[in-house]
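# Structure at a glance
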Amino acid sequence: MILLYHMVFPDATPSDTWNAGLVLRFKDFKRQIKWLKRFYHIVSLDEYVNHFQTVGKPKARLAALTFDDCYSRTFQLVSPFLNDNEIPATFFANTLHLEQNSLLWFVYFNALCFEKVYPELSIEGNRYPLSTQKECRYAWQKLINIARSNKDAREFSLNFSQDYPLPPEIITKYQGLSKEQLSQIGASHILSLGGHTHSHPYLDQISITRQLVEISYNKELLEVFSARPVDHFAYTGGVYNTDSIAAVKSAGFKSGFAIQPRQLSNDKLFEIPRTDIYGASLLKFLAKTYGIVHV
Ligand SMILES: [Zn+2]
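Residues numbered from 1 in each chain as written. Predicted model: local features only at pLDDT ≥ 70, side-chain atom pairs only at ≥ 80, totals over all residues. Heavy atoms only, no water.

What follows deals with the overall build of the protein. Secondary structure summary: the protein contains eleven helices and ten strands in total. Burial status across the protein gives 55% buried among its 295 residues. Within the protein, contacts between residues separated by at least 24 positions form 65% of all contacts whose residues are at least 6 apart in sequence. Accessible area of the protein: about 13,500 Å², with a carbon and sulfur share of 51%. (Helix = DSSP H or I, 4+ residues; strand = E, 2+ residues; numbered from the N terminus. Buried < 20%, exposed > 50% of the residue type's maximum accessible area, 1.4 Å probe, protein only. Contact = heavy atoms within 4.5 Å. Areas by Shrake-Rupley, 256 points an atom, 1.4 Å probe, with all protein chains shown as cover.)

Below, the discussion takes up the pattern of salt bridges. Think of it this way: side chains of opposite charge can pair up when their charged atoms draw near. A complete count under the given rule lists ten salt bridges for this structure. One salt bridge connects Lys173 with Glu115, and the closest N-O pair in it is separated by 2.9 Å. Here Lys173 is found in helix α7 (residues 168-173), whereas its partner Glu115 is found in the loop between α4 (105-114) and β5 (120-123), with 58 residues between them in sequence. Since its relative accessible area comes to 22%, Lys173 is described here as partly exposed. Taking the relative accessible area as the measure of exposure, Glu115 reaches 16% and is therefore buried. In this structure, Glu120 and Arg127 form a salt bridge, with 2.8 Å as the shortest nitrogen-oxygen distance. With a relative accessible area of 29%, Glu120 lands in the partly exposed category. (Salt bridge = Lys/Arg side-chain N within 4 Å of Asp/Glu carboxyl O.)

Bringing the nonpolar core into the picture now. Counting residues in each nonpolar core, the largest one holds 61 residues, and the members touching the most others are Phe29, Leu65, Phe67, Leu82 and Phe91. Of the residues forming this core, the biggest block, six residues, is contributed by helix α1 (residues 26-39). Apart from residues no more than four positions distant in its own chain, Phe91 is found in contact with Phe67, Cys70, Phe75, Val78, Leu82, Leu177, Ile185, Leu191, Ser192, Leu193 and Gly194. Residues Trp105, Ala139, Ile144 and Phe156 belong to the second largest nonpolar core, which totals 36 residues. (Core = buried A, V, L, I, M, F, W, Y, C linked by side-chain atoms within 4.5 Å.)

A word on the coordination of the zinc ion. In this structure, Asp69 (OD), His196 (NE2) and His200 (NE2) serve as the protein donors to the zinc ion, at separations of 2.0 to 2.2 Å. Mapped onto the sequence, the residues coordinating the zinc ion show the spacing D-x126-H-x3-H. Placement of the pair is Asp69 in strand β3 (residues 62-69) and His196 in the loop between β7 (191-195) and α9 (208-226), with a sequence separation of 127 residues. Residue class for His196 comes out buried when judged on its relative accessible area of 0%. (Donors = N, O, S within 2.8 Å, 3.2 Å for Na, K, Ca; no water.)

Bringing the pairing of strand β4 (residues 89-93) into the picture now. Of all five residues in β4, five are buried; the element is thus mostly enclosed. Burial along β4 is two-sided: Ala89, Phe91 and Ala93 facing one way and Thr90 and Phe92 facing the other are all buried. Inspection of the sheet shows β3 paired to β4 by five bridges, in the parallel sense. Opposite Leu65, over in β4, you have Ala89 as the bridge partner. In the classification by handedness, the crossover that spans β3, the intervening helix α3 (residues 72-84) and the parallel β4 is right-handed. Examined bridge by bridge, β4 and β7 share five bridges and lie parallel to one another. Counted as the bridge partner of Thr90 is Ser192 from β7. (Pairing = 2+ DSSP bridges. Right-handed = clockwise from strand over helix to strand, strands pointing away.)

Listed in full, the buried residues belonging to helix α8 (residues 179-187) are Gln181, Leu182, Ile185 and Gly186. All buried residues of α8 lie within an arc of 145 degrees about the axis, which places them on one face of the element. Every exposed residue of α8 that faces more than 90 degrees away from the buried side is listed here: Glu180 and Ala187. (Arc of directions from axis to C-beta.)

Here's what the structure looks like:
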(Lines give C-alpha, C1' and ligand atoms only; values in the text may rest on other atoms or scores of the structure.)
Protein backbone atom coordinates (compact mmCIF):
# COMPACT_ATOMS: atom_id res chain seq x y z
CA MET A 1 0.00 0.00 0.00
CA ILE A 2 1.29 3.43 -0.91
CA LEU A 3 -0.21 6.34 0.99
CA LEU A 4 -0.70 9.65 -0.77
CA TYR A 5 -0.63 12.82 1.33
CA HIS A 6 -0.88 16.44 0.22
CA MET A 7 -0.83 19.17 2.82
CA VAL A 8 -0.04 18.92 6.50
CA PHE A 9 -0.78 22.01 8.62
CA PRO A 10 0.51 23.10 12.06
CA ASP A 11 -1.65 21.81 14.94
CA ALA A 12 -2.96 25.30 15.77
CA THR A 13 -4.63 25.60 12.34
CA PRO A 14 -8.44 25.61 12.63
CA SER A 15 -9.86 22.55 10.88
CA ASP A 16 -12.05 24.65 8.59
CA THR A 17 -9.25 26.90 7.33
CA TRP A 18 -9.08 25.11 4.05
CA ASN A 19 -11.95 22.81 3.54
CA ALA A 20 -11.09 21.68 0.04
CA GLY A 21 -10.47 18.21 1.39
CA LEU A 22 -6.78 18.65 1.91
CA VAL A 23 -6.49 19.71 5.52
CA LEU A 24 -4.56 17.40 7.78
CA ARG A 25 -3.06 18.70 10.94
CA PHE A 26 0.39 17.51 12.01
CA LYS A 27 -0.88 15.68 15.10
CA ASP A 28 -3.38 13.76 12.94
CA PHE A 29 -0.67 12.90 10.45
CA LYS A 30 1.57 11.59 13.25
CA ARG A 31 -1.32 9.59 14.69
CA GLN A 32 -1.94 7.91 11.32
CA ILE A 33 1.74 7.09 10.82
CA LYS A 34 2.00 5.73 14.35
CA TRP A 35 -0.91 3.41 13.60
CA LEU A 36 0.56 2.46 10.25
CA LYS A 37 3.86 1.51 11.85
CA ARG A 38 2.10 -0.93 14.15
CA PHE A 39 0.82 -3.01 11.25
CA TYR A 40 2.98 -2.15 8.26
CA HIS A 41 6.63 -2.19 7.39
CA ILE A 42 7.25 1.29 5.93
CA VAL A 43 9.88 1.10 3.19
CA SER A 44 11.34 3.48 0.64
CA LEU A 45 9.56 3.83 -2.70
CA ASP A 46 12.57 2.19 -4.38
CA GLU A 47 12.17 -0.87 -2.19
CA TYR A 48 8.41 -0.91 -2.72
CA VAL A 49 8.82 -0.68 -6.51
CA ASN A 50 11.45 -3.44 -6.50
CA HIS A 51 9.03 -5.67 -4.70
CA PHE A 52 6.17 -4.70 -7.00
CA GLN A 53 8.38 -5.44 -10.01
CA THR A 54 9.34 -8.88 -8.74
CA VAL A 55 5.93 -10.00 -7.54
CA GLY A 56 3.68 -7.88 -9.80
CA LYS A 57 1.35 -6.76 -7.02
CA PRO A 58 1.51 -4.92 -3.71
CA LYS A 59 2.66 -6.97 -0.75
CA ALA A 60 0.39 -7.02 2.28
CA ARG A 61 1.91 -5.13 5.20
CA LEU A 62 4.42 -3.31 3.06
CA ALA A 63 3.79 0.44 2.90
CA ALA A 64 5.41 3.51 1.39
CA LEU A 65 4.67 7.19 2.04
CA THR A 66 4.31 9.77 -0.70
CA PHE A 67 3.46 13.48 -0.75
CA ASP A 68 2.14 15.20 -3.89
CA ASP A 69 2.58 18.87 -4.83
CA CYS A 70 4.95 19.29 -1.89
CA TYR A 71 4.36 22.53 -0.08
CA SER A 72 7.44 24.04 1.48
CA ARG A 73 5.69 24.49 4.83
CA THR A 74 4.49 20.91 4.88
CA PHE A 75 8.03 19.72 4.28
CA GLN A 76 9.30 21.97 7.07
CA LEU A 77 6.80 20.39 9.42
CA VAL A 78 7.04 16.70 8.53
CA SER A 79 10.70 16.24 7.56
CA PRO A 80 12.18 16.40 11.12
CA PHE A 81 9.56 13.85 12.27
CA LEU A 82 10.30 11.54 9.33
CA ASN A 83 14.06 11.87 9.78
CA ASP A 84 13.97 11.37 13.56
CA ASN A 85 11.85 8.25 13.23
CA GLU A 86 13.66 7.02 10.12
CA ILE A 87 10.44 6.85 8.13
CA PRO A 88 11.17 6.93 4.39
CA ALA A 89 9.01 9.18 2.23
CA THR A 90 8.97 10.39 -1.37
CA PHE A 91 8.02 13.95 -2.36
CA PHE A 92 6.47 14.27 -5.82
CA ALA A 93 7.30 17.89 -6.51
CA ASN A 94 6.39 20.47 -9.14
CA THR A 95 8.97 23.01 -10.23
CA LEU A 96 7.16 26.01 -11.78
CA HIS A 97 7.63 28.13 -8.64
CA LEU A 98 11.42 27.79 -8.91
CA GLU A 99 11.25 29.97 -12.02
CA GLN A 100 8.38 32.35 -11.24
CA ASN A 101 6.88 33.47 -7.98
CA SER A 102 3.40 32.10 -8.59
CA LEU A 103 1.26 29.31 -7.22
CA LEU A 104 0.19 26.21 -9.13
CA TRP A 105 -3.13 26.93 -10.86
CA PHE A 106 -5.32 24.89 -8.50
CA VAL A 107 -3.40 25.99 -5.40
CA TYR A 108 -4.17 29.57 -6.47
CA PHE A 109 -7.90 28.72 -6.63
CA ASN A 110 -7.76 26.91 -3.28
CA ALA A 111 -6.06 29.87 -1.58
CA LEU A 112 -8.34 32.38 -3.36
CA CYS A 113 -11.52 30.68 -2.15
CA PHE A 114 -10.50 29.76 1.38
CA GLU A 115 -8.11 32.48 2.56
CA LYS A 116 -10.81 35.20 2.66
CA VAL A 117 -8.75 37.72 0.70
CA TYR A 118 -11.84 38.88 -1.24
CA PRO A 119 -15.43 39.06 0.09
CA GLU A 120 -16.78 37.69 -3.22
CA LEU A 121 -15.73 36.60 -6.69
CA SER A 122 -17.25 37.27 -10.08
CA ILE A 123 -17.16 34.03 -12.05
CA GLU A 124 -18.47 34.07 -15.63
CA GLY A 125 -20.53 37.16 -14.81
CA ASN A 126 -22.12 35.71 -11.66
CA ARG A 127 -21.40 36.77 -8.09
CA TYR A 128 -20.04 34.18 -5.68
CA PRO A 129 -19.86 35.39 -2.05
CA LEU A 130 -17.10 33.97 0.16
CA SER A 131 -18.51 34.47 3.66
CA THR A 132 -19.38 31.00 4.84
CA GLN A 133 -17.43 27.79 4.41
CA LYS A 134 -20.24 26.47 2.23
CA GLU A 135 -20.03 29.49 -0.08
CA CYS A 136 -16.24 29.19 -0.31
CA ARG A 137 -16.55 25.56 -1.25
CA TYR A 138 -19.24 26.33 -3.84
CA ALA A 139 -17.09 28.99 -5.55
CA TRP A 140 -14.06 26.70 -5.39
CA GLN A 141 -15.96 23.83 -7.02
CA LYS A 142 -17.17 26.16 -9.77
CA LEU A 143 -13.63 27.33 -10.55
CA ILE A 144 -12.21 23.80 -10.53
CA ASN A 145 -15.03 22.61 -12.84
CA ILE A 146 -14.32 25.43 -15.30
CA ALA A 147 -10.59 24.68 -15.16
CA ARG A 148 -11.27 20.99 -15.80
CA SER A 149 -13.46 21.73 -18.83
CA ASN A 150 -11.04 24.38 -20.11
CA LYS A 151 -8.34 23.45 -22.63
CA ASP A 152 -5.71 25.03 -20.45
CA ALA A 153 -6.34 25.13 -16.69
CA ARG A 154 -3.20 27.17 -16.07
CA GLU A 155 -4.11 29.86 -18.57
CA PHE A 156 -7.58 30.14 -17.04
CA SER A 157 -6.03 30.55 -13.60
CA LEU A 158 -3.50 33.15 -14.88
CA ASN A 159 -6.30 35.19 -16.47
CA PHE A 160 -8.38 34.97 -13.32
CA SER A 161 -5.45 36.10 -11.16
CA GLN A 162 -5.20 39.34 -13.16
CA ASP A 163 -8.48 40.41 -11.52
CA TYR A 164 -7.85 38.67 -8.21
CA PRO A 165 -4.17 38.74 -7.29
CA LEU A 166 -3.10 37.20 -3.98
CA PRO A 167 -0.90 39.02 -1.45
CA PRO A 168 2.74 37.83 -1.18
CA GLU A 169 2.26 36.28 2.29
CA ILE A 170 -0.48 33.98 0.94
CA ILE A 171 1.71 32.99 -2.00
CA THR A 172 4.54 32.17 0.42
CA LYS A 173 2.18 30.13 2.59
CA TYR A 174 1.33 27.76 -0.29
CA GLN A 175 4.66 27.80 -2.12
CA GLY A 176 6.39 24.60 -3.26
CA LEU A 177 9.72 23.16 -2.12
CA SER A 178 12.61 25.63 -2.19
CA LYS A 179 15.93 24.91 -3.89
CA GLU A 180 17.48 24.44 -0.44
CA GLN A 181 14.83 21.88 0.50
CA LEU A 182 15.38 20.01 -2.79
CA SER A 183 19.08 19.86 -2.04
CA GLN A 184 18.32 18.73 1.54
CA ILE A 185 16.25 15.82 0.16
CA GLY A 186 19.02 15.03 -2.31
CA ALA A 187 21.44 14.60 0.59
CA SER A 188 19.05 12.52 2.72
CA HIS A 189 19.14 8.73 2.98
CA ILE A 190 15.54 8.69 4.28
CA LEU A 191 13.76 11.11 1.93
CA SER A 192 13.61 11.14 -1.86
CA LEU A 193 12.09 13.11 -4.74
CA GLY A 194 9.72 12.11 -7.51
CA GLY A 195 8.51 13.88 -10.66
CA HIS A 196 5.07 15.51 -10.79
CA THR A 197 5.32 17.78 -13.92
CA HIS A 198 6.59 21.35 -14.09
CA SER A 199 3.25 23.22 -13.78
CA HIS A 200 0.73 20.53 -12.78
CA PRO A 201 -1.55 20.38 -15.87
CA TYR A 202 -4.23 17.75 -16.34
CA LEU A 203 -2.15 15.51 -18.58
CA ASP A 204 -5.10 14.29 -20.63
CA GLN A 205 -5.85 17.91 -21.68
CA ILE A 206 -2.53 18.49 -23.42
CA SER A 207 -0.70 16.99 -26.41
CA ILE A 208 1.94 14.30 -25.99
CA THR A 209 4.59 16.87 -26.96
CA ARG A 210 3.55 19.19 -24.14
CA GLN A 211 3.24 16.27 -21.75
CA LEU A 212 6.81 15.30 -22.55
CA VAL A 213 8.08 18.84 -21.96
CA GLU A 214 6.19 19.13 -18.65
CA ILE A 215 7.46 15.73 -17.48
CA SER A 216 11.09 15.95 -18.72
CA TYR A 217 11.75 19.55 -17.67
CA ASN A 218 10.45 18.86 -14.16
CA LYS A 219 12.74 15.80 -13.91
CA GLU A 220 15.71 17.82 -15.13
CA LEU A 221 15.20 20.62 -12.58
CA LEU A 222 14.65 18.21 -9.69
CA GLU A 223 17.82 16.31 -10.59
CA VAL A 224 19.86 19.52 -10.90
CA PHE A 225 18.78 20.88 -7.50
CA SER A 226 18.89 17.57 -5.61
CA ALA A 227 22.00 16.27 -7.42
CA ARG A 228 20.39 12.83 -7.49
CA PRO A 229 18.54 10.77 -10.13
CA VAL A 230 14.74 11.07 -9.96
CA ASP A 231 13.26 7.73 -11.01
CA HIS A 232 9.58 7.79 -10.02
CA PHE A 233 6.71 9.87 -11.37
CA ALA A 234 3.18 10.55 -10.08
CA TYR A 235 0.40 11.51 -12.53
CA THR A 236 -1.08 14.89 -11.58
CA GLY A 237 -4.52 14.55 -10.03
CA GLY A 238 -4.23 10.83 -10.81
CA VAL A 239 -5.27 11.73 -14.39
CA TYR A 240 -3.41 10.25 -17.36
CA ASN A 241 -3.80 8.63 -20.78
CA THR A 242 -1.68 6.30 -22.95
CA ASP A 243 0.36 9.32 -24.16
CA SER A 244 1.21 10.14 -20.53
CA ILE A 245 2.56 6.64 -19.94
CA ALA A 246 4.63 6.88 -23.15
CA ALA A 247 5.94 10.34 -22.13
CA VAL A 248 6.87 9.19 -18.62
CA LYS A 249 8.78 6.21 -20.06
CA SER A 250 10.45 8.33 -22.69
CA ALA A 251 11.58 10.88 -20.06
CA GLY A 252 13.48 8.03 -18.40
CA PHE A 253 11.33 7.34 -15.34
CA LYS A 254 11.32 3.78 -14.01
CA SER A 255 7.76 3.85 -12.67
CA GLY A 256 4.51 5.80 -12.74
CA PHE A 257 2.05 6.23 -9.87
CA ALA A 258 -1.69 6.54 -10.31
CA ILE A 259 -4.44 6.69 -7.71
CA GLN A 260 -6.95 4.43 -9.44
CA PRO A 261 -5.08 2.61 -12.26
CA ARG A 262 -6.90 2.87 -15.61
CA GLN A 263 -5.19 -0.29 -16.85
CA LEU A 264 -4.12 1.35 -20.10
CA SER A 265 -0.79 -0.43 -20.24
CA ASN A 266 0.46 -3.98 -19.90
CA ASP A 267 3.30 -2.56 -17.87
CA LYS A 268 1.96 -2.47 -14.33
CA LEU A 269 5.01 -0.52 -13.15
CA PHE A 270 3.61 2.60 -14.82
CA GLU A 271 0.19 2.41 -13.18
CA ILE A 272 0.97 1.59 -9.57
CA PRO A 273 -2.04 2.37 -7.33
CA ARG A 274 -1.93 4.63 -4.29
CA THR A 275 -4.34 5.26 -1.43
CA ASP A 276 -5.24 8.94 -1.08
CA ILE A 277 -5.54 10.22 2.47
CA TYR A 278 -7.56 13.43 2.49
CA GLY A 279 -8.79 13.68 6.05
CA ALA A 280 -7.83 13.54 9.67
CA SER A 281 -10.29 10.83 10.71
CA LEU A 282 -8.46 7.77 11.99
CA LEU A 283 -11.65 5.82 11.42
CA LYS A 284 -11.63 6.61 7.71
CA PHE A 285 -7.93 5.91 7.64
CA LEU A 286 -8.55 2.47 9.16
CA ALA A 287 -11.37 1.83 6.69
CA LYS A 288 -9.12 2.70 3.76
CA THR A 289 -6.47 0.26 4.91
CA TYR A 290 -8.83 -2.37 6.33
CA GLY A 291 -8.90 -4.30 3.05
CA ILE A 292 -5.36 -5.44 3.70
CA VAL A 293 -4.96 -5.43 7.46
CA HIS A 294 -7.60 -7.05 9.65
CA VAL A 295 -7.43 -5.70 13.17
ZN1 LIG B 1 -0.66 16.96 -7.58
